[in-house]
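# Examination of the molecular architecture
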Amino acid sequence: MADDHIGGVQSWTETMSARERIRSVALTLSEPRSTNWISEQAETAWSTTNQELDDLVDRGQLRQVDAGESTLYQPDYTRLLFDELRRLVEEHTREELQAELTTIAEEIEDWQEAYDVETWEELEQSLADDTLSSSDIRERRDVVQDWQATEEDRRLIRHALELYSDIEATRERMLDAADRATS
Amino acid sequence: MLFLAGRDRYTQRTLLREIHDRLSKQAGCTAVRYEPSSRRPRTVVAAVEPTAFLGEQYDIETARLEVRFWYPEGVDYTYYRCNWVEPKRDLMLGFHQDADHPELGRCHLQLDFDGATVSRQSVAFLDAHPLAALEQRLQQLPSVLSRLSWEDDRPSLAPQSE
């Protein structure tokens, strides 16, 4: 279907530089990939791709994986986790994060009530029920995925709130120390 | 493929931000946002002015793009839904790569109207990075929309010509 493009929609080669496309692809890999593969996906020259991947490794954003004679690249997933936590803390207030946890709790309660189950695992088991229609199965499968993602989000937001407290406590200790030094 | 627990949720969040950036730079796309919220991004939604987006006159003044990618357990490729939504005509046309219709292959094109599915057609599976796959689906949207026709106020989708 690649040849049925009739124009209109801008291409990402028009809206993003080659290095931006390489970064976008490399930092969202879900498995280790080669320079060749990344350059093909990002529609960039091999030499530019190789150079940008090396820069990302130097900056600690990518990790190299030795695979026989070739080198593969993957994001530093630990760094992705900490970047997410930092983004949540820097871009949202404690109140916003707490309100999100309340919303999550309400969503899960709604699912528990609607499907008469306690966990998404129980809902997943219900997919084997022969009496469900195909549309019911699709709906329940969607809810299982949403429920799983929601629980992962809840875990991340809770971590961010714990980090929030640590950051605030550290700030207060610094202010106290400054007060004592000047009094 | 073996995934580490939780790893893909962080990859998914990073991916959704890249999609947010991509759509924010696209002519005709405005008010790009996350659903259900920026604190837990799952779907990227953009308001679309069709004529500016498609580069040609279009019947409807406002539409919406909804893009979601996720990594299901036990499947070695990414699932996604890339939907073109027209609230005024209650129409949705979307590329769906998920577990819903295996008889159509790994990816299908679905047309919904008035709360029900009108048609589903198999489309080629793209063995590509999610951003490269999205790029191809966005490029294909104008020609897919040009295959829509209306009779007695009901839409139908002509098969793809070879």
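### Considering the layout of surface pockets
As a volume, the second largest pocket reaches approximately 460 Å³. Every residue lining the second largest pocket is counted, 19 residues in all, and those nearest its centre are D142(A), R81(B), N83(B), M92(B) and H96(B). Those elements that place two or more of their residues in the lining of the second largest pocket are α8 (134-182) of chain A together with β3 (63-70), β4 (79-86), β5 (91-97) and β6 (108-113) of chain B. Per-element accounting of the lining of the second largest pocket gives the leading share, four residues, to α8(A). Among the residues making up the lining of the second largest pocket, the classes are represented as two nonpolar, seven polar and 10 charged.

### Considering the confidence of the model for chain B
Here chain B shows a mean pLDDT of 91. Residues at 70 or above account for 94%. Here the predicted complex carries an ipTM of 0.90, next to a pTM of 0.90.

### A short note on empty space enclosed by the protein
As enumerated under the stated definition, the model contains two cavities of 30 Å³ or more in all. Approximately 40 Å³ is the volume attributed to the second largest cavity. In this structure, the second largest cavity is lined by R141(A), D142(A), Q145(A), W70(B), Y79(B), R81(B), D98(B), A99(B) and D100(B). Counting only elements with at least two residues in the lining of the second largest cavity, the list comes to α8 of chain A together with β4 of chain B. A per-element tally of the lining of the second largest cavity places α8(A) first, with three residues. When its residues are assigned to classes, the lining of the second largest cavity shows three nonpolar, one polar and five charged.

### Looking at the interface of chain B and chain A
Every contact between the two is made by 51 residues of chain B and, on the other side, 48 residues of chain A. Carbon and sulfur atoms supply 51% of the area buried between chain B and chain A, which totals about 4,500 Å² over both sides. For the pair chain B and chain A, the number of links is 12 salt bridges. Of the charged contacts, one joins D153(A) and R42(B) as a salt bridge, the two residues approaching to 3.1 Å between their closest N and O atoms. Taken together, chain B and chain A are joined by 25 residue pairs in polar contact (both at pLDDT 80 or more). Here the side of chain B that touches chain A is built from residues that sort into 17 nonpolar, 14 polar and 20 charged.

### Notes on the sheet that holds β4(B)
All names here are of chain B. A sheet is described by the order of its strands in space; here seven strands give the open sequence β1-β2-β3-β4-β5-β6-β7, paired in antiparallel fashion. Looking at strand neighbours, the two that pair on one side only are β1 (29-37) and β7 (116-122), the edges of this open sheet. For this sheet the average axis-to-axis angle between neighbouring strands, irrespective of direction, equals 20 degrees. As defined by bridge partners, β5 adjoins β6 across six bridges and the pair is classed as antiparallel. Within the sheet, the bridge partner assigned to L93 lies in β6 and is L111. In this fold helix α3 (residues 130-146) packs onto β3, β4, β5 and β6, with an angle of close to 30 degrees to the strand it touches most, β4.

### Some details on the side chain of R39(B)
The topology assignment puts R39(B) in the loop between β1 and β2 (40-48). Taking the relative accessible area as the measure of exposure, R39(B) reaches 18% and is therefore buried. Look past the residues within four positions of R39(B) in its chain and what remains in contact with it is L88(A), H92(A), E96(A), L97(A), E100(A), I157(A) and R13(B).

### Side note on unusual backbone geometry
Residue and element names in this part refer to chain B. Here the bond from E35 into P36 is cis, since omega is 0 degrees, no more than 30 degrees from zero. Among the secondary structure elements, P36 is positioned in strand β1. Located in the positive-phi region is D90, a residue other than glycine, with phi close to 55 degrees. As for its position among the elements, D90 is in the loop between β4 and β5. Judged by relative accessible area, D90 falls into the partly exposed class, the value being 41%. In this structure, D152 takes a positive phi of about 50 degrees despite not being glycine. Within the secondary structure layout, D152 lies in the loop between β8 (148-151) and β9 (154-157).

Conventions we followed
Counting from 1, residues in each chain are numbered in the order their sequence is written. All chains are assigned letters beginning with A, and all ligands numbers beginning with 1, in the order in which they are written. Where local features are concerned, this predicted model is filtered to residues with pLDDT of at least 70; where side-chain atom pairs are given and counted, the filter is 80 or more; whole-chain, interface and lining totals use all residues. Side-chain calculation: all heavy atoms of the structure are included, whereas hydrogens and water are not. Definitions used for this entry: grid spacing 1 Å over protein atoms alone; cavity, a set of points where a 1.4 Å probe fits but cannot get out; pocket, an open set with protein on both sides within 12 Å along at least 5 of 7 lines; lining residue, one with an atom within 4 Å of a point. Grid points are joined across faces, edges and corners, and a volume is the space filled by probe spheres set on the points. Working definition: helices are DSSP H or I runs of at least four residues, strands are E runs of at least two. Numbering for both runs from the N terminus. Put simply, Ala, Val, Leu, Ile, Met, Phe, Trp, Tyr, Cys and Pro go in the nonpolar bin, Asp, Glu, Lys and Arg in the charged bin, and everything else, Gly too, in the polar bin. A residue's pLDDT is the confidence the predictor assigns to it, expressed on a 0 to 100 scale. By definition, residues are in contact when any of their heavy atoms lie within 4.5 Å. We define buried area as the total accessible area lost by two parts upon association, computed with a 1.4 Å probe and summed across both. The working definition used for a salt bridge is a side-chain nitrogen of Lys or Arg within 4 Å of a carboxyl oxygen of Asp or Glu. Two N or O atoms count as a polar contact when they lie within 3.5 Å, although within protein this holds only if one can serve as hydrogen donor and the other as acceptor, and sequence-adjacent residues are included solely when both atoms are side-chain atoms. Following DSSP output, two strands are said to pair if at least two bridges run between them. Only the contacting stretch of a helix is used when fitting its axis, a line to C-alpha atoms as for every element, and angles between N-to-C directions run 0 to 180 degrees. Relative accessibility thresholds used throughout: buried, under 20% of the residue-type maximum; exposed, over 50%; partly exposed, between the two (1.4 Å probe, protein chains only).

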